[in-house]
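So you can see what is in the structure, the chains are spelled out below.
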Amino acid sequence: MTPSPLGPAAPAGRRPAGRSALVIGGGLAGTTAALALADAGLRVTLVEGRPRLGGLAFSFHRSSPAGELTVDNGQHVLLRCCTAYQWFLDRVGATRLVPLQDRLDVPVLDAEGPSGRRLGRLRRTALPVPLHLSASLATYPHLSLAERALVGRAALALGRLDPEDPALDGADFAGWLRRHGQSPRAVEALWDLVGVATLNATAHNASLGLAAMVFKTGLLSRPGAADIGWARAPLGELHHTRAHRALDAAGVTTELGTRVAAVSRTPEGRWSVRRAGRPGEEPPAGADGADVLVLAVPQREAHALLPDGALKDPGRLLRIGTAPIVNLHVIYDRTVLRRPFFAAIGSPVQWVFDRTDASGLRGAPGAGDSQYLAVSQSAAYDDVDRPVAELRARYLPELERLLPLARGARVRDFFVTRERAATFAPVPGVGRLRPSAPTDAPGLYLAGAWTATGWPATMEGAVRSGLSAARAALTDLGRPHVNPLPAPGGGTPKEAA
Ligand SMILES: Cc1cc2nc3c(=O)[nH]c(=O)nc-3n(C[C@H](O)[C@H](O)[C@H](O)COP(=O)(O)OP(=O)(O)OC[C@H]3O[C@@H](n4cnc5c(N)ncnc54)[C@H](O)[C@@H]3O)c2cc1C
């Protein structure tokens, strides 16, 4: 078992009876906090409103005309610099299900190249930063020579910014790019290509601080930091099945399908909750109230549950907006894409992944040679409310433009998953609204990708927030915890040169 970054695990059966914790919300933040607190010896109860763990990163079953599928609500990727999420995968025994590329390699298809579609690649070499990307940039066909030179210069300037400088939080990324000579083409073919997928916002709607954090950490910290990984199994296998097993093994009591309607503190200073649909205050199962309460729910729910006085200006939580992600799921009757994924420019299509294996389609009865593609559309304000028929009419011809083999193929299934509040909106000024884990109420901590992690809303941010909440709680309880959180951009033992 991977040691907790917060300290040694208490031997099973020898957990100190005294201290207990209640974690509300079984997304990645809450699951992480529960594991970390249990590993440090607390008696932990995790309460999740839905009948499954995993929060915003989950899977469901679909009987498709092409076969039985396990569908992810949206394609999720990580980068090698996401060290906390990799700790989580290790902790739940899922590392092997989420391999990383040996070296960053992103095929970028331009639907409107001079003579039809044109392929470019964003790749790294083994050279040190920033030379690791220079060969790729020098030959990137989607930008002119002059644009490439200006991109290189802007990247170096970005590397000199301090993402934690409060002045950067209030500024927008697009303005900074313009001031650094970036053409609309460079923004589309490079900065937004990466930024929209990682920030869930175009440069116009992104805080310069968060953008600087993403580009510095991913592209300018270590050569391998931006190597991409994605799950080869459904997200539900990682974030529900394996996570649940790890929670059980750690001694955590997990209550699924249990929505918390209110929280309160007893006169003795212990935390209780009222479960929705059940009258009266109830302490967590088998306890007389908890020493620690972690609220690992989205910002709106946190605002509704926060007791008076727990946060200065609690209304700021309601000013943290949300941003949508839409995934279009297309099943062709044959192979139309011979790569695991690609990104597109000159088209409304953003990123496309082959999900034939991960969904269980390959080899399923009746599937034949069918291929399942997920088209992942971030910052999808234009699409989130479009009817399925309109999305079909908009995107299938685009896929045919990008993938010649799709032109003669039959579409066996087309469906859409929409997450209106997929992430918090990383707009300028959002940084000052995000609270850190400790609150003014003793024993009460906040977690969630929307809290002050320094990261955009990602799985990495969610896990970091859960670790931060656990660390703050353990510090307040006077419990020692040894290993610090992995530093942003820090390498892992798996770092490839
Ligand atoms: C379509 C999509 C694509 C994404 N792509 C990526 C990606 O490629 N890479 C990446 O790193 N991140 C990605 N993300 C973001 C990532 O999934 C989230 O940042 C992360 O999962 C958030 O975890 P969390 O624990 O902070 O919050 P959540 O997942 O929102 O968890 C909060 C939990 O609290 C529960 N809850 C709420 N209220 C109550 C209550 N009153 N009582 C009990 N339980 C309650 C909810 O049911 C939920 O399970 C994507 C998200 C989406 C939706």
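Residues numbered from 1 in each chain as written. Predicted model: local features only at pLDDT ≥ 70, side-chain atom pairs only at ≥ 80, totals over all residues. Heavy atoms only, no water.

**Overview of the domain arrangement of the protein chain**
By domain assignment, the protein chain separates into domain 1 (20-56 + 234-320 + 428-476), domain 2 (59-100 + 321-424) and domain 3 (129-222). For domain 2 versus domain 3, the separation of C-alpha centres amounts to 26 Å. Every contact between the two is made by 15 residues of domain 2 and, on the other side, twelve residues of domain 3. Where domain 2 abuts domain 3, roughly 980 Å² becomes buried across the two surfaces, and 67% of that area is made up of carbon and sulfur atoms. Remark: the boundary between domain 2 and domain 3 carries zero salt bridges. At the junction of domain 2 and domain 3, the tally comes to five residue pairs in polar contact (both at pLDDT 80 or more). When residues of the side of domain 2 that touches domain 3 are traced back to their parent elements, those giving at least two are strand S13 (322-332), strand S14 (341-345) and strand S17 (411-424). By residue class, the composition of the side of domain 2 that touches domain 3 is eleven nonpolar, four polar and no charged. (Domains from an automatic or database assignment. Contact = heavy atoms within 4.5 Å. Buried area = accessible area lost by both parts, 1.4 Å probe. Salt bridge = Lys/Arg side-chain N within 4 Å of Asp/Glu carboxyl O. Polar contact = N/O pair within 3.5 Å; in protein donor to acceptor, adjacent residues only side chain to side chain. Helix = DSSP H or I, 4+ residues; strand = E, 2+ residues; numbered from the N terminus. Nonpolar A, V, L, I, M, F, W, Y, C, P; charged D, E, K, R; others polar.)

**Notes on the sheet that holds strand S16 (residues 371-378)**
Read across the open sheet, the seven strands follow the order S7-S6-S14-S15-S16-S13-S17; overall the sheet is mixed. The sheet terminates laterally at strand S7 (116-123) and S17, the two strands that pair on one side only. Adjacent strand axes in the sheet meet at a mean angle of 25° when their direction is disregarded. In terms of strand pairing, S14 meets strand S15 (residues 351-354) through three bridges, oriented antiparallel. Considered in S15, the bridge of Ala343 is made with Trp351. Helix H7 (residues 184-199) rests against strand S6 (105-113), S7, S14, S15 and S16 of the sheet, and its axis sits at about 135° to S14. (Pairing = 2+ DSSP bridges. Axes fitted to C-alpha atoms, helices over the stretch in contact; angles between N-to-C directions.)

**Points about the packing of aromatic side chains**
Under the criterion given, the structure shown has ten aromatic pairs. Note on Phe341 and Phe353: the rings are 5.2 Å apart at their centroids and 15° apart in plane angle, and the pair reads as stacked. Residue Phe341 is found in strand S14, and its partner Phe353 is found in strand S15; the two are separated by twelve residues along the sequence. A relative accessible area of 2% places Phe341 in the buried class. (Phe/Tyr/Trp six-rings, centres within 6.5 Å; stacked < 30°, edge-to-face > 60°. Buried < 20%, exposed > 50% of the residue type's maximum accessible area, 1.4 Å probe, protein only.)

**Side note on the environment of Pro314**
Position of Pro314 relative to the elements: it lies in the loop between helix H10 (299-305) and S13. Residue class for Pro314 comes out partly exposed when judged on its relative accessible area of 34%. Through-space distance from the C-alpha of Pro314 to that of Leu433 is 9.4 Å; in sequence the pair is 119 residues apart. In this view, Pro314 contacts His303 and Leu306; residues no more than four positions away in its chain are not counted.

**Concerning the nonpolar core**
Grouped together as the largest cluster of nonpolar side chains are 124 residues, with contacts concentrated most on Leu37, Tyr85, Phe173, Trp191 and Val294. Considering every element that reaches this core, the biggest residue donor is helix H12 (residues 459-476), with nine residues. Residues contacting Trp191, with those up to four places away along its chain left out, are Val151, Ala154, Ala155, Leu158, Phe173, Leu177, Gln182, Ala186 and Phe215. The next biggest cluster of nonpolar side chains, apart from the first, holds 26 residues, and it includes Val336, Ala344, Leu373 and Leu396. (Core = buried A, V, L, I, M, F, W, Y, C linked by side-chain atoms within 4.5 Å.)

**Remarks on the packing of helix H2 (residues 83-91) against helix H9 (residues 235-249)**
Across the interface, H2 lies against H9 with an axial gap of 9 Å and an inter-helix angle of 60°. In terms of orientation, H2 lies oblique with respect to H9. Between H2 and H9, the contacting residues are Tyr85, Phe88, Leu89 and Arg91 on the first element and Leu238, His239, Ala243 and Ala246 on the second. (Parallel < 35°, antiparallel > 145°, perpendicular 65-115°, else oblique.)

**Here's the deal with the side chain of His142**
Relative to the helices and strands, His142 resides in the loop between helix H3 (134-138) and helix H4 (145-159). Aside from chain neighbours lying at most four places away, what touches His142 is Val108, Asp110, Arg118, Leu119, Gly120, Arg185, Ala189 and Ile345.

**Some words on the site of the ligand**
Around the ligand sit 33 residues, and of these Glu48, Leu56, Val77, Ala449 and Met459 come closest. Measuring from a nitrogen atom of the ligand, one finds a backbone N or O atom of Gly49 at 3.0 Å. Backbone polar atom of Thr458 to an oxygen atom of the ligand: 3.3 Å apart, as the coordinates give it. Compared with its free state, where it exposes 1000 Å², the ligand has 94% of that area covered by protein. Elements with a minimum of two residues in the shell around the ligand: helix H1 (28-39), S17 and H12. Shared between two domains, the shell around the ligand takes at least three residues from each, and those domains are domain 1 (20-56 + 234-320 + 428-476) and domain 2 (59-100 + 321-424). (Near = heavy atom within 4 Å. Areas by Shrake-Rupley, 256 points an atom, 1.4 Å probe, with all protein chains shown as cover.)

**Thoughts on the pattern of salt bridges**
Overall, the coordinates contain 24 salt bridges when judged by the stated rule. Taking the shortest distance from any N to any O, the salt bridge between Asp72 and Arg355 comes out at 2.9 Å. On the criterion of sequence distance, the pair formed by Asp72 in strand S4 (residues 67-72) and Arg355 in the loop between S15 and S16 is long-range, its members being 283 residues apart. A salt bridge links Glu460 to Arg464; the nearest nitrogen and oxygen atoms lie 2.7 Å apart. Placement of both Glu460 and Arg464 in helix H12 is noted, with a separation of four residues, approximately one turn of the helix.

**Overview of the pairing of strand S10 (residues 260-265)**
Here S10 runs beside strand S11 (residues 271-275); their pairing, made up of five bridges, is antiparallel. Within S11, the position partnered with Val260 by the bridge is Arg275. Counted along the chain from S10 to the antiparallel partner S11, the turn is five residues long, and its residue Gly269 has a positive phi close to 85°.

**Remarks on H1**
For H1, which comprises twelve residues, the first-to-last C-alpha distance of 16 Å matches the rise-based estimate of 16 Å (1.5 Å per residue) to within 8%. Most of H1 is tucked away, with twelve of its twelve residues classed as buried. What H1 keeps buried is the set Leu28, Ala29, Gly30, Thr31, Thr32, Ala33, Ala34, Leu35, Ala36, Leu37, Ala38 and Asp39. Considering only its buried residues, H1 is in contact with strand S1 (20-24), strand S2 (43-47), H2, H9, strand S12 (292-295) and H12. Two residues or fewer past H1, Gly41 is found with a positive phi of approximately 105°. (Expected span 1.5 Å × (residues − 1).)

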